[in-house]
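# Report on the structure
Chain by chain, the residues run as shown.
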Amino acid sequence: MQAYVTLTRREMGSFFYSWIGYIVIAGAMFLMGLEFVTLLDKLQGEPTSMPLTEIFLSFCYWVIVLFSTPIITMRLFALEKYSGTFETLMTTPVSDWQVVLAKFTAAMIFYMLMWLPFLACVLVLRYFAKGSNLLDPGTLGSTYAGIFLIGSLYMSAGCFASSLTRSQIVAAMISFAIGLAFFLAGFMADPMPLEQSWAGQALNCINVMNQMKDFASGVVDTRAVVFCLTTTLLFLFLACRVIASRRWK
């Protein structure tokens, strides 16, 4: 356990010692602020039946997730391999799972810190829009649950992509391709009749767009929770297997 905590702290420090971490946070804050201003301009004091969290995260969320997760995760293993510190790390008395989980945990902590400005936007709306359905603690909690669960899916895919190569650019491209595939599955599932097509049912199960929409509207579907958790564990398992494959060579 001590080794896991030490590795996590090491990875967290590397995010803030690098200029990439600050650029990612600044970019996310800019997009959230832009979406917040656009939301206020659209509403103009008019009531809406849709939870404001759902409106706020309809576009901003996916732009941030699709582009930030490859940048956050591309260096996790690829930089270690490129700089030559990977073999030194793996010769220390730590298991493969401890290394993978420590890097994943650090990436998730950084990812959730990146979403703190969203809470600030909620507090501003709470001050000026008392009685709004955005202020429902359940809706806000389910929204952050969706941000965490879907974010963990994308972060684990990024960990797996970074474990495959020593090039950060290649790792970012693989991670972006995996994330984009999950995103586009939502567009492919909508035109298909769920009752008549097994493909439509399969695509609907991995439709992260609808899952995030449900979370943002205050609906926590156990199917979405199970899908995100199992897929996250699958990508982490694959990353661990890739790391362990060094012993087979």
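Everything discussed here concerns the structure shown above.
Thresholds, definitions, all that
Residues numbered from 1 in each chain as written. Predicted model: local features only at pLDDT ≥ 70, side-chain atom pairs only at ≥ 80, totals over all residues. Heavy atoms only, no water. Helix = DSSP H or I, 4+ residues; strand = E, 2+ residues; numbered from the N terminus. Expected span 1.5 Å × (residues − 1). Buried < 20%, exposed > 50% of the residue type's maximum accessible area, 1.4 Å probe, protein only. Contact = heavy atoms within 4.5 Å. Salt bridge = Lys/Arg side-chain N within 4 Å of Asp/Glu carboxyl O.

## Some words on helix α7 (residues 96–114)
With 19 residues, α7 extends 27 Å from end C-alpha to end C-alpha; this agrees with the ideal 27 Å at 1.5 Å per step. When we look at burial in α7, the residues that qualify are Asp-96, Val-99, Val-100, Ala-102, Lys-103, Phe-104, Ala-106, Ala-107, Met-108, Phe-110, Tyr-111 and Met-114.

## Here's the deal with the environment of Cys-205
Summarising the element assignment, Cys-205 is placed in helix α11 (residues 198–205). Taking the C-alpha atoms as reference points, Cys-205 and Arg-223, separated by 18 residues in sequence, lie 7.9 Å from one another. The contact partners of Cys-205, leaving out residues within four places of it in the chain, are Gln-211 and Phe-227.

## Things to note about the side chain of Glu-35
Tracing the sequence through the fold places Glu-35 in helix α2 (residues 19–43). A relative accessible area of 13% places Glu-35 in the buried class. Residues in contact with Glu-35, not counting those within four places in the same chain, are Ile-55, Phe-56, Ser-58, Phe-59 and Cys-60.

## Things to note about the pattern of salt bridges
What the rule picks out here adds up to 6 salt bridges. Notably, a salt bridge pairs Glu-80 with Lys-103, separated by 3.2 Å at the nearest N-O pair. Taken together, the positions of Glu-80 in helix α5 (residues 78–83) and Lys-103 in helix α7 put the pair 23 residues apart, joining distant regions of the chain. Exposure remark for Lys-103: the relative accessible area of 2% places this residue in the buried category. Via salt bridges that share partners, Arg-10, Glu-11, Arg-75, Glu-80 and Lys-103 belong to a single interconnected network.

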